[in-house]
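# Structural overview
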Amino acid sequence: MKAYLIESPVGLFLIDKTGKIVEKALFPRNPKDAALVFVEIRKGVLPAEYEDFTKRVASLDIERITVDNQATADLAMTIGGLSKVELNESDPAINRYRTRLSGMLVRLQLIESKDDYEKLVRDVSLELAKTAIGEAATRRDLFAVQTVRTIEDLDKVLNLLAGRIREWYGLHFPELDRLVEKHDSYIRLVQNLGTRDNFTEQALIDQGIPADKSQRIAEAAQKSAGAELPESDLAWLKEVCSSVLQQYKLREKAEGYTDKVLAEVAPNMSALIGAVLSAKIISIVGGLEGVAKMPASTLQVLGAEKALFRTITTGARPPKHGVIFQFAPIHTSPRWLRGKIARAVAGKLAIAARMDAYGGENQGVKMKAALDAKINELKTRYPEPPARKPGQNRTYGPPRREERGGRDDRRRFGGGGRDRRRWSPGGSGGGTGGGGGPRRHDRRDRERRQMNRP
Amino acid sequence: MSTVKSAVSLDGSILSVRLSKHPKFGGVFRIDQAENRQLATMSLAPGKTVYGEMIYRIDGEEYRSWDPYRSKLAAAILKGLEENPIRPGSRVLYLGAASGTTVSHVSDIVGPKGVIYAVEFAQRSFRDLVENVCKDRPNIVPIFADARFTLKYRSLVPSVEVLYCDIAQQDQTRIMVENMRTYLKKDGQYLLVVKSRSIDVSKEPADVIKAEAAFLERNGYTVEEKIRLEPFEKDHAMLIGRKKEQE
Ligand SMILES: C[S@@+](CC[C@H](N)C(=O)[O-])C[C@H]1O[C@@H](n2cnc3c(N)ncnc32)[C@H](O)[C@@H]1O
C-alpha cells in the first residue's frame, strides 16, 4: 500500500490513500514536553519512546511513504522494511491531509475541538520559540567569528601585498614610502598618478591630500633619487594596485557585514566597543557564551596570554590590557591611564556580554554613555603621570608588545590609532575599535629596504 | 454616528474624544480628540502597550492608537485602501513580523477568532516579538524561521485567508509567491509591502512597483490596489491582490 507521513505538534500520522489515519504516535499534551519531542522530529530523529510506532508501521506492508519535507523523510528512512520514501514538497494529497488534519483528529476524538488543536499548536510554537531563541544565539555568534577571521586574513594578505607594492614602487620613488603611511592611500596614489613626475602639488591635492603634505610630496618627487620606471612596468604595477584596492573594498564590505551580524548577535557589546572588536573578542574565546562567562579581569587581558604566562613564570609585571587595547579610548590615552581605562572598559564589557548572551535588553547606548563619563572622570582625576616611587625603575616608554595584544594585532589595527594619519584620502572616520586598514608594514623591513637603496 | 465620550488615558487623565468605527474596515476604529484624528484598534491585551502607542479606555474597552509612521498597514488605510483583506476572524500568515508593531494591531483586528502566524528570522526581533507581544496575545503563533524555506513551518501553519509580506528583501515578491502557493486559500488575498530601495536603489520607485506587480501577474495573482505610502514611509508602496481565477 501507499501512505503519507505527516508530522504535527500533536503527533506523527500515517495516512493511507483514502485519507484514513492508519497509524499514529501521539506526543505529550503538555506543550513543553510536546515541543521537546517535536524539535527532535523536525531534525529527522524519532525519540526512543516512539520506537513501537516504527515497528507497527514496518509491519504494515507499505511499498511507499510520501512525505513533504526533508526531516520527515529522514525519519521515514529509519522505519524498517520500507522499499521507498518519496519526498514531494508540494504533494497535493499531503496538502489536503494537512489542511484536514485537525478535523480528522476531532472526529477520531484525539482532540476535543479544532480550537483545542490550534491552542496546542500555538503553545508548542511558543515553546519552540523559546528554544529557538536560545539556539539561534549560539549559532549566529559562530558566523560572527568567521567574518572577523576573514577580516584578519584579509589584513594579513593586504599587509603583505602593500609591502610588496611599496618596495616595488620604491625603486622609482623611494621617498614616498615615508611620506604616506596608510597603505591604501599609497596604493591609490600610485594607481591614479603613475610615475613620480605626475606627483605635482595640484594633482596631490586633487587626490585629497592636504596642501602642506602635498607640497612636501611634490618636492620629494622632483628631487627623487629613484630609478626610471618604464611605461610597460608601470602598467603591470598598476594592475596589481587595482587588484589590491579591490581587496581593500572587500575588507570594507566585510566590516559592514560584521556590523550587521554583531548588531544581532551582540548589540550591547558592539555599542560599547564597536562591532569588529567585539567580534575579535568572541573569536578569541570561541563563542558569545564563553565571553559571557568570563570575569572582567580575564576580559581585560584577553589576547595577551604570552605576557600573562611570563608573569606567572618569571614574575614580570602583569599585562594591563590585551586585545581591548585596540579600543581607541584606551590606546589614545596617556600611558598611565591605559590600565585604569582598560579596567573600566572590561567591567562594562562583561556586563554587556552577559546581556547579549542571556537575552537581556538592549542597553548599549546607555552603557556607552556611562563608560565615556567614567573615562572622562579618570582623565580629570589623573592628569599627570604618577610620581616614580624611589627604587622603582619604571618608565613609560612604548608598551611591551604583548601589552598591546600581541605584535600581530598591533600591526593590524586601524581605527583612530595613536599615529594614525588623518589626511588620507578615502580613509575611514574615527570610530571605535577595529576599523580602518592595516597598519604599515614592519618598520625594520622598511629601514632595511632603504639601506639597500640603489 | 459617533458621540463624544470621555476616555481615560493610561496615565489617568480624562480626555474628551469621539470614537467611531471605521466606515469600511471591521476591527478598525477612529479616535478624534480635538484636532488630533487617529486610527485605533480595540486592544486584545488590555493594559499593555507594544511600541509606546497611546491607550484610551472608553466605555470599559481599551483602544490603542495606531501610528501610520510606525505601521505600514495603518499608512495604507490612511492613504485610501479600498478593501482590507484582514478582517475579524481572519487567519493571517505574516512574513517579517519584526518586533510586532503591526502584528499587534493585526492581532487586535482579527480578534480571538482569528490567528496570526508570525514568521521572523532575526533573532533579536523575534525575541521581542515573543516577549512583548505573543505572550499577552493568544491569537499569535510565533515562528522563528526564514520565509525562504517555506516548508519548514508546514506543520504549524494551515491554509490561510491572508498573506501579509513585509520582509524588505530583494527577492521578497518571489518569496511571497512561494508562500502563497503553499499556504494561501483559493480565494485568499495578499498584502505586499514594496520597499523600492531594498529592491533596486538605482530605479525609480514607480518602476520598481510596476516590475513587482508584473511579476505577481505573471505568477497568477492579480494586483488590485497599489498604494504609495508617502508621506508616512518614503519609497514604500503596498500592493493588494488575490489569486487569479483558474481558466
Ligand atoms: C521592515 S521589517 C517588518 C516590519 C513589520 N512588518 C512591522 O510593520 O511591524 C522586515 C522584517 O523582516 C525580517 N525578514 C527579512 N527577511 C526575512 C526572511 N527571509 N524570513 C523571515 N523574516 C525576514 C527582518 O528581520 C525584519 O524584521
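Scroll up to find the structure this text is about.
Residues numbered from 1 in each chain as written. Chains lettered and ligands numbered in written order. Predicted model: local features only at pLDDT ≥ 70, side-chain atom pairs only at ≥ 80, totals over all residues. Heavy atoms only, no water.

## A closer look at the overall build of chain A
Note the threshold: Secondary structure elements follow DSSP: runs of H or I no shorter than four residues count as helices, runs of E no shorter than two count as strands, and numbering proceeds from the N terminus. Note on classification: 1.4 Å probe, protein chains only; a residue is buried when its accessible area is under 20% of the maximum for its type, exposed when over 50%, partly exposed between these limits. In this analysis, two residues are considered to be in contact whenever any of their non-hydrogen atoms come within 4.5 Å of each other. Accessible surface is estimated by sampling points in the Shrake-Rupley manner with a 1.4 Å probe; for residues, cover comes only from the protein chains shown.
Secondary structure assignment for chain A yields 20 helices and five strands. Each of the 454 residues in chain A was classed as buried or not, and the buried ones make up 50%. Contacts in chain A between residues far apart in sequence, at least 24 positions, make up 62% of those at least 6 positions apart. Carbon together with sulfur atoms contributes 52% to the accessible area of chain A, which is approximately 21800 Å² in total.

## Examining the nonpolar core
Put simply, the test is: To form a nonpolar core, buried Ala, Val, Leu, Ile, Met, Phe, Trp, Tyr and Cys residues must be joined to one another through side-chain atoms within 4.5 Å.
Ranked by size, the top nonpolar core spans 77 residues in total, and within it L93, Y153, Y190 and L216 of chain B carry the most contacts. Once you skip the residues sitting within four places of it in the chain, Y153 of chain B turns out to touch R42 of chain A together with L93, L95, V119, I143, A145, D146, A147, N179 and Y183 of chain B. Formed by 46 residues, the second largest nonpolar core is a distinct cluster that contains A144, V276, I341 and M355 of chain A.

## Digging into the interface of chain B and chain A
Operational definition: Put simply, buried area is the surface a 1.4 Å probe can reach on two separate parts but cannot reach once they are joined, added for both. For this document, the term salt bridge refers to a Lys or Arg side-chain nitrogen within 4 Å of an Asp or Glu carboxyl oxygen.
Each partner contributes residues to the interface: chain B has 24 residues there, and chain A has 30 residues. Between chain B and chain A lies a buried interface of about 2300 Å² when both sides are counted; carbon and sulfur atoms form 58% of it. Linking chain B with chain A are one salt bridge, by the criterion used here. R91 of chain B is the salt-bridge partner of E118 of chain A, the closest N and O atoms lying 2.7 Å from each other.

## A short note on a positive patch on the surface
Residues and elements named next belong to chain A. To keep things clear, this is the line we draw: To count toward a patch, a residue needs a relative accessible area over 30% and no salt bridge; like charges are then connected within 9 Å, while nonpolar side chains (Val, Leu, Ile, Met, Phe, Trp, Tyr) are connected within 5 Å. Lys and Arg are tallied as positive, Asp and Glu as negative. Neither His nor the chain termini are counted. In this description, the location of a charge corresponds to atom NZ of lysine, CZ of arginine, CG of aspartate or CD of glutamate.
Where like charges cluster on the molecular surface, the positive patch consists of R96, R100, R107 and K114. Here the positive patch gets three residues from one element, more than from any other, and that element is helix α4 (residues 92–107). The topology assignment puts R100 in helix α4.

## Details of the site of the ligand
Residues and elements named next belong to chain B. Defined as follows: Summary of the distance rule: residues count as near a molecule or strand when at least one heavy atom falls within 4 Å of that molecule or strand. By the criterion applied in these results, polar contacts are pairs of N or O atoms within 3.5 Å in which, for protein atoms, one can donate a hydrogen and the other can accept it, and in which residues neighboring in sequence qualify only through two side-chain atoms.
Around the ligand, the surrounding shell holds 15 residues, and the nearest of these are Y94, T102, E120, D146 and Q169. With respect to the ligand, the side chain of Y94 contributes an N or O atom lying 2.7 Å from a nitrogen atom. Between the ligand and D166 there is a distance of 2.9 Å, counted from a nitrogen atom to a side-chain nitrogen or oxygen. Out of a free accessible area of 610 Å², the ligand has 86% covered by protein chains.

## Observations concerning the side chain of N179 of chain B
Residue and element names in this part refer to chain B. Tracing the backbone shows N179 in helix α4 (residues 172–183). There is a polar contact of 3.1 Å between the side chain of N179 and the backbone oxygen of A147. A polar contact of 2.6 Å, which involves the side chain of N179, links it to the side chain of Y153. Ignoring any residue separated from it by four or fewer positions in sequence, one finds N179 in contact with L93, L95, A147, T150, Y153, L163 and L184.

## Brief notes about α4 of chain B
Residues three or four positions apart in an α-helix share a direction because the helix packs 3.6 residues into each turn. Residues and elements named next belong to chain B. As a reminder, the rule being used: Multiplying 1.5 Å by the helix residue count minus one yields the expected span of that helix.
Between its first and last C-alpha atoms α4 spans 16 Å; for 12 residues at 1.5 Å apiece the expected length is 16 Å, and the two agree. Of all 12 residues in α4, nine are buried; the element is thus mostly enclosed. Among all positions of α4, only Q172, T173, I175, M176, V177, N179, M180, T182 and Y183 are buried. Residues of α4 that are buried sit in contact with β7 (91–95), β10 (160–165), β11 (184–195), α5 (196–199) and α6 (205–218).

## Focus: the pattern of salt bridges
Following the criterion strictly, the structure yields 37 salt bridges over all chains and no others. Across the pair E40 of chain A and K43 of chain A runs a salt bridge whose closest N-O atoms are separated by 3.6 Å. R228 of chain B is the salt-bridge partner of E230 of chain B, the closest N and O atoms lying 3.4 Å from each other. Exposure remark for R228 of chain B: the relative accessible area of 34% places this residue in the partly exposed category. Through salt bridges with shared partners, a single ionic network connects D146, R148, D171, R174 and E178 of chain B.

## Brief notes about the packing of α4 of chain B against α6 of chain B
All names here are of chain B. Condition: Orientation is described by lines fitted to C-alpha atoms, with helices fitted over the stretch in contact, and by angles between N-to-C directions that extend from 0 to 180 degrees. Here the word oblique covers every angle except those under 35 degrees (roughly parallel), over 145 (roughly antiparallel) and from 65 to 115 (roughly perpendicular). Working rule for handedness: look at the near helix, and if it is turned counterclockwise from the far one by less than a right angle, call the crossing left-handed; if clockwise, right-handed.
In contact at an axis separation of 10 Å, α4 and α6 are set at 25° when each is read in the N-to-C sense. Classified by the angle their axes make, α4 and α6 are roughly parallel. Taken as a pair, α4 and α6 cross one another with a handedness that is right-handed. Of α6, the residues touching α4 (which contributes T173, R174, M176, V177 and M180) are E212, F215 and L216.

The analysis is restricted to geometry; functional conclusions fall outside its scope.
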